[in-house]
Amino acid sequence: MQYTFSDKLAALKPSAIREIFKSLSDPTIISFAAGNPAAESFPTAALAALSADIFESSAATALQYGMTEGYIPLREAIAKRQREVFGIGCSVASGDTYNDSTIVVSGGQQGIELACKALCNEGDVVLCENPSFIGALNAFRSCGAKTVGVEMEADGIDPEALEAAIKANPNAKLLYLIPTFQNPTGITTTLEKRRRIYEIAKKYSLPILEDNPYGELRFKGCEVPTIKSMDTEGLVIYCSSFSKILSAGMRVGFVIGPEEIVTKMVVAKQSEDVHTNLFFQMLCHRFMTECDLDAHIKSIRALYRRKCDLMLGELEKHLPSKVTFTRPEGGLFIWCTLPTGTDMNAFVKSALQKKVAVVPGSTFNCDTEAPSLSFRLNYSTPTDEQIVTGVARLGEAAREFLK
């Protein structure tokens, strides 16, 4: 039997990260390829107690269908926290008001996909940081959109390059950004650039999809306001999740955006999963309102500060000076770059032969055929011992490969 696949999926390739995971059945391989939160960050005791109480007192509700928009108490708690922590709320422009709505989605990934589905037709362009989150890139591609990259600098994309990309792509319908602790680079876009990016998007009436899954995970430096907090025009769709602060497996995320756009996203969600898991929504709400969420996040920040500092120290010790790397102030990732002319894919394979797995940078390119000199490291998932041993192996691979 020969199968004919849809045009939308025919061009999609399996995630290189998922494919790397298949090679990790060898227990001797140390993986820096994941993007998972640290297992020790899960508040298991509190979640167990809250879960037991939900099943004791509210099982009929927790196990039933729910609203597509999400569990109302959770939506209210999300809106309150995002307003208090990130300054996100209804804005006023030119004497008119626009209303933001909050919906719960099945992980931030679904929020990204629904935004594209609501705004983009097949063949439309989504402008993205280059490199960018592979999950988002594939979501855009699966909707039939074309991803066009704006190259990352040390402090975010170049606003002039962004404006040039908008002019060169008149069918651009969305700008996708991870301004804080970007995946894969760990870079945080400066306040000056955020303001300029917003003004350019406003000039061309280009909606911004601001993805902020790591925003609560700052362990160094000063907070930088979200782009959504600057929004006076109803231009920004803001997406985040509980994956990095409670549990990735819960698959509970949220979107805050202009009511008119969010309404269309709700219609699209109804044809996908009807509603997000109601039990986990209730669990998230109970944790937010009955436990000390701020103290929990503070403990995660301390954990990741230590693990990031450990990896950075080992990289300084073992990598040749010609290999550069970012120094994130939060999030989960470090971005390493090899010297010009190096075959990055060959290096990644040589590292795997040394029993250490990293993600090739080409995985995150908007142009899937474009080369890359970089690779991504994750410090949240491996143990301290694995970080020390794995970076030593990586350094050995680099010294042999670059000699």
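The structure presented is a predicted model; accordingly, all values stated were derived computationally and were not measured. (Residues numbered from 1 in each chain as written. Predicted model: local features only at pLDDT ≥ 70, side-chain atom pairs only at ≥ 80, totals over all residues. Heavy atoms only, no water.)

(A) Quick look at the pairing of strand S16 (residues 374–378). Within S16, five of the five residues are buried, leaving the element largely enclosed by the surrounding structure. The alternating pattern of S16 places Ser374, Arg376 and Asn378 and Phe375 and Leu377 on opposite faces, both of which are buried. Note that strand S13 (residues 333–337) and S16 share five bridges and pair antiparallel. Note that in S16 the partner of phenylalanine 333 across the bridge is asparagine 378. Sheet analysis places strand S15 (residues 359–360) next to S16, joined by two bridges and oriented antiparallel. The partner of proline 360 across the bridge, within S16, is phenylalanine 375. (Buried < 20%, exposed > 50% of the residue type's maximum accessible area, 1.4 Å probe, protein only. Helix = DSSP H or I, 4+ residues; strand = E, 2+ residues; numbered from the N terminus. Pairing = 2+ DSSP bridges.)

(B) Representation of the sheet that holds S16 in the model. Judged by pairing direction, the sheet is antiparallel, and its four strands sit side by side in the order S12-S13-S16-S15 without closing on themselves. In this open sheet, the two strands that pair with only one neighbour each are strand S12 (324–325) and S15. In the packing of helix H12 (residues 293–318) onto the sheet, contacts are made with S12, S13 and S16, and the angle to S13 comes to roughly 15 degrees. (Contact = heavy atoms within 4.5 Å. Axes fitted to C-alpha atoms, helices over the stretch in contact; angles between N-to-C directions.)

(C) Broad picture of the packing of aromatic side chains. Tallied over the entire structure, the rule returns 10 aromatic pairs. An aromatic cluster of three or more residues is present, and its members are Phe55, Phe279 and Phe280. (Phe/Tyr/Trp six-rings, centres within 6.5 Å; stacked < 30°, edge-to-face > 60°.)

(D) Structural detail: the packing of helix H5 (residues 72–86) against helix H11 (residues 278–290). At a closest axis distance of 9 Å, the pairing of H5 and H11 adopts a crossing angle of 45 degrees. Comparing the axis directions of H5 and H11 gives the class oblique. Like other packed secondary-structure pairs, H5 and H11 cross with a definite hand, here left-handed. Residues Pro73, Leu74, Ala77, Ile78 and Arg81 of H5 lie in contact with H11, whose contacting residues are Gln281, Cys284, His285, Met288 and Thr289. Its residues placed into classes, the contact of H5 with H11 shows six nonpolar, three polar and one charged. (Parallel < 35°, antiparallel > 145°, perpendicular 65-115°, else oblique. Left-handed = near helix turned anticlockwise from the far one by under 90°. Nonpolar A, V, L, I, M, F, W, Y, C, P; charged D, E, K, R; others polar.)

(E) The arrangement of the pattern of salt bridges in detail. Within the structure shown, the criterion is met by 28 salt bridges. Notably, a salt bridge pairs lysine 193 with glutamate 153, separated by 2.5 Å at the nearest N-O pair. Here lysine 193 is found in helix H9 (residues 191–203), whereas its partner glutamate 153 is found in strand S6 (residues 146–153), with 40 residues between them in sequence. Assessed through its relative accessible area of 9%, lysine 193 is described here as buried. (Salt bridge = Lys/Arg side-chain N within 4 Å of Asp/Glu carboxyl O.)

(F) Quick peek at the confidence of the model for the chain. When pLDDT is averaged along the chain, the result is 94, and 94% of the positions lie at 70 or above. A low-confidence stretch, residues 91–95 (pLDDT under 50), is modelled with eight contacts involving residues beyond four sequence positions or located in other chains. (pLDDT = per-residue confidence, 0-100.)

(G) Up close: the sheet that holds strand S7 (residues 156–157). Read from one edge of the open sheet, eight strands run S4-S11-S10-S9-S8-S5-S6-S7, paired in mixed fashion. Edge positions in the sheet fall to strand S4 (100–105) and S7, since each has one partner strand and no second. As defined by bridge partners, strand S10 (residues 236–241) adjoins strand S11 (residues 253–258) across four bridges and the pair is classed as antiparallel. By the bridge assignment, cysteine 239 is partnered in S11 with valine 255. Sheet contacts for H5: S4, S10 and S11; angle to S4, the most-contacted strand, approximately 120 degrees. Packing of H9 onto the sheet brings it into contact with S6, S7, strand S8 (172–177), strand S9 (208–211) and S10, and relative to S9 it is tilted by some 150 degrees.

(H) Looking closely at unusual backbone geometry. With omega at 10 degrees, the peptide bond leading from asparagine 130 into proline 131 counts as cis. As for its position among the elements, proline 131 is in the loop between strand S5 (125–130) and helix H7 (134–142). Geometrically, the link from asparagine 183 to proline 184 is a cis peptide bond, its omega value of 25 degrees lying close to zero. By the secondary structure assignment, proline 184 is in the loop between S8 and H9. In the Ramachandran plot, valine 274 falls in the positive-phi region, its phi being about 65 degrees despite a non-glycine side chain. Examined against the element boundaries, valine 274 turns out to sit in the loop between helix H10 (259–270) and H11. In the Ramachandran plot, lysine 355 falls in the positive-phi region, its phi being about 70 degrees despite a non-glycine side chain. Within the fold, lysine 355 resides in the loop between helix H13 (344–353) and strand S14 (356–357). Its relative accessible area of 30% is what places lysine 355 among the partly exposed residues.

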